[in-house]
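# What the coordinates show
The lines below spell out each chain.
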Amino acid sequence: MQETAVAEQVREVVEVVVEVLREPKPEEDSPLVATNSFEAQALRAEIIRVGRKLWERQYVDGNGGNISVRLGSRYVLCTPTLLSKGDLEPADICLSDLEGNILAGDRSRTSELLLHLEIYKANPRARAVVHCHPPYATAFAVTGATPPNGLITEYEIFIGPAAVAPYETPGTQAFAETVLPFVEEHNTILLTNHGIVCWADTVTHAEWLTEIFETCCKTYLLAQQIGRPLQLIPEQKIEEILALKRRMGLPDARLARSSEVATPEQGENAAELERMVEQVVARLEERE
Ligand SMILES: [Zn+2]
């Protein structure tokens, strides 16, 4: 069995264990307790920091863009509507459930929270979402195309092929659902005629993806103006990057395609790992 396939299965075991450990604690039952928790305070501070970075980097204009993060298994903290991401205060951040109902906070939530919620519901690995309108990435969104792969290592490692979601009216449920076909294998999705959305394990990391993608779009456009042929990363080196991504547990649509055919040995190991997961989960449940 290949080392990379083992690593992927171990990662899946770890993800299941982490998900079990995230089961709601009794104190999470109350939105009031959740919104006043130390964890919520730290996450609000992180949202405010990231909002400031988005505004300073000119990735948001007017009241554009929005940020959210999951709090435990039931709640989401998100930015409000009609406020610049450069001017956020802790009291501006709303607490919502996974259906978009506001449970705490004085302001109305962003209408684009529906987009974030669809991502969370479709992919449990997404714990934070950043949506913004960086000019170079949005230029690609206007054309409905992504920059090509195989040119910039950061783009290959942290993003891989980005997806393009079709146009829909922002703020609607139909708009929120445009990303669903892509959200499992792509952490960065272009929203046609609109901007981009990125998901990650933390708000900070989701913002890093927006920086990496925007820089890639800008670099690609600049490189085309130099007047020399673009140098592609050799295919074998791309394979090395994909092996690294598999070990790191980073999503990439190319990984799914390369692991479609499982050998009988892989099947046996998967069954063994499944039994291990069941044992770990049973022990954790006994502990409570
Ligand atoms: Zn937007």
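From a predicted model like this one, the values you see are computed outputs, not experimental measurements.

## With respect to the coordination of the zinc ion
Bound to the zinc ion on the protein side are His131 (NE2), His133 (NE2) and His194 (NE2), at distances that span 2.1 to 2.2 Å. We note that the donor set of the zinc ion lies within a single chain, spaced as H-x1-H-x60-H. Here histidine 194 lies in the loop between strand E7 (188–191) and strand E8 (195–200) and histidine 133 lies in the loop between strand E5 (128–132) and helix H5 (135–143), a separation of 61 residues in the sequence. Comparing histidine 133 with histidine 194 shows no difference in burial state: the two are buried.

## Thoughts on the pairing of E8
Most of E8 is tucked away: 6 of the 6 residues are buried. Sheet analysis places E5 next to E8, joined by 5 bridges and oriented antiparallel. Bridge assignment links valine 130 to a residue of E8, and that residue is cysteine 198. Counting the residues in the hairpin turn of E7 and E8 gives 3 residues, including asparagine 193, whose phi is positive at 60°.

## Points about the confidence of the model for the protein
Residues of the protein with pLDDT of at least 70 account for 83%, and the chain-wide mean is 87. Segment residues 260–267 is flagged for pLDDT under 50; beyond a separation of four residues in sequence, or across chains, it makes 5 contacts in the model.

## Some remarks on the packing of helix H3 (residues 38–56) against helix H8 (residues 203–225)
Put simply, H3 and H8 touch, their axes get as near as 9 Å, and they point 15° apart. Here H3 lies roughly parallel to H8, going by the angle between them. The hand of the H3/H8 crossing is right-handed. Residues Glu46, Ile47, Val50, Lys53 and Leu54 of H3 form the contact with H8, whose own contacting residues are Val203, Thr204, Glu207, Trp208, Thr210 and Glu211. Classifying every residue of the contact of H3 with H8 gives 5 nonpolar, 2 polar and 4 charged.

## Things to note about the packing of aromatic side chains
Per the counting criterion, the structure on display carries 2 aromatic pairs. Relative to tyrosine 220, the ring of phenylalanine 140 lies with its centre 6.1 Å away and its plane at 40°, an arrangement referred to as tilted. Linking phenylalanine 140 in helix H5 with tyrosine 220 in helix H8, this pair joins segments that are 80 residues apart in sequence. Residue tyrosine 220 is classed as buried on the basis of its relative accessible area of 16%.

## A look at the sheet that holds E7
Read across the open sheet, the 8 strands follow the order E4-E3-E2-E1-E5-E8-E7-E6; overall the sheet is mixed. Strands with a single pairing partner mark the edges of an open sheet, and in this sheet they are strand E4 (102–104) and strand E6 (163–165). Across this sheet, the average inter-strand angle for adjacent strands is 25°, counted without regard to direction. Helix-sheet contacts for helix H4 (residues 113–122) involve strand E1 (66–71), strand E2 (75–78), strand E3 (94–97), E5, E7 and E8, and the interaxial angle to E1 is about 40°. Across the sheet, H5 touches E7 and E8, and the angle it forms with E7 is around 60°.

Cut-off values and rules
- Residues numbered from 1 in each chain as written.
- Predicted model: local features only at pLDDT ≥ 70, side-chain atom pairs only at ≥ 80, totals over all residues.
- Heavy atoms only, no water.
- Donors = N, O, S within 2.8 Å, 3.2 Å for Na, K, Ca; no water.
- Helix = DSSP H or I, 4+ residues; strand = E, 2+ residues; numbered from the N terminus.
- Buried < 20%, exposed > 50% of the residue type's maximum accessible area, 1.4 Å probe, protein only.
- Pairing = 2+ DSSP bridges.
- pLDDT = per-residue confidence, 0-100.
- Contact = heavy atoms within 4.5 Å.
- Axes fitted to C-alpha atoms, helices over the stretch in contact; angles between N-to-C directions.
- Parallel < 35°, antiparallel > 145°, perpendicular 65-115°, else oblique.
- Left-handed = near helix turned anticlockwise from the far one by under 90°.
- Nonpolar A, V, L, I, M, F, W, Y, C, P; charged D, E, K, R; others polar.
- Phe/Tyr/Trp six-rings, centres within 6.5 Å; stacked < 30°, edge-to-face > 60°.

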